[in-house]
Amino acid sequence: MIDGINLPLILIAAFLASTSPGPATLTIAGTSMASGRKAGLALASGVTTGSFIWSVSAAFGLGAVMLAHSWLFEIVRYFGAGYLLWLAIKAARSAWMGARLKTLDLPVTTPARAYGKGLALHLTNPKAILFFGALYSIGIPPDTGWQGLLIVIMSVGIQSLIMFHLYAVIFSSAPMTAAYARMKRGFEAVFAVAFGAGAFSILTARLG
């Protein structure tokens, strides 16, 4: 316990959030298998940056402000759903039109583009707002000083950084990229369904 903060419990909650299947983990996995480790790590860095931004924002009250002013949350929600639908359409198009690969031919994705994709994905994810908003409003006493907030921000951020980048390393391994090369259309079909389901869940979610 640090100034009334149950840091182990907070880290467990953040760990469960980062390990549960979702748009970020799916996109890291798909990019790492399709475009290689460098692109996967860059995308994971973008997701981690988005996570840090929402964590800092929630720590200093922005999450509560957005939830109190529903129109701000709705803007992020519709942007997030739209982005996931765009990813779903891209994956579905790839699954429908893509030829089976004879050899491992990875698409070219620049690290800068992959980083931007990961950042956009997490900044438009309303579930990140809800998670960090709940984390700081429920898990941390209201009189916590900036030192305690900084400890939580850095602890959760470093744990997320390790987890997201570990996904990139695992899914860019030779067995995973070889499996993607053999079953590209199947993987893309799964991603299309998952992204579409994610967009639908965001559009149909109701607060309170």
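Since the model is a prediction, treat every value here as computed from it, not as a measurement. (Residues numbered from 1 in each chain as written. Predicted model: local features only at pLDDT ≥ 70, side-chain atom pairs only at ≥ 80, totals over all residues. Heavy atoms only, no water.)

## Points about the side chain of T124
Within the secondary structure, T124 sits in the loop between α6 (111-123) and α7 (126-138). Polar side-chain contacts of T124 include one of 3.5 Å to the backbone oxygen of L121. (Helix = DSSP H or I, 4+ residues; strand = E, 2+ residues; numbered from the N terminus. Polar contact = N/O pair within 3.5 Å; in protein donor to acceptor, adjacent residues only side chain to side chain.)

## Topic: the side chain of T31
Along the chain, T31 turns up in helix α2 (residues 23-35). Since its relative accessible area comes to 8%, T31 is described here as buried. Once you skip the residues sitting within four places of it in the chain, T31 turns out to touch G36, A39, G40, L43 and K117. (Buried < 20%, exposed > 50% of the residue type's maximum accessible area, 1.4 Å probe, protein only. Contact = heavy atoms within 4.5 Å.)

## Some thoughts on the packing of α2 against α6
For any two helices packed against each other, one specifies the crossing angle of their axes together with the interaxial distance. For the pair α2 and α6, interaxial distance at closest approach is 10 Å and the crossing angle is 165°. In terms of orientation, α2 and α6 fall into the roughly antiparallel class. In the packing of α2 onto α6, the handedness of the crossing is right-handed. Counted together, P23, A24, T27 and T31 of α2 and K117, L121 and H122 of α6 form the full contact between these two elements. Classifying every residue of the contact of α2 with α6 gives three nonpolar, three polar and one charged. (Axes fitted to C-alpha atoms, helices over the stretch in contact; angles between N-to-C directions. Parallel < 35°, antiparallel > 145°, perpendicular 65-115°, else oblique. Left-handed = near helix turned anticlockwise from the far one by under 90°. Nonpolar A, V, L, I, M, F, W, Y, C, P; charged D, E, K, R; others polar.)

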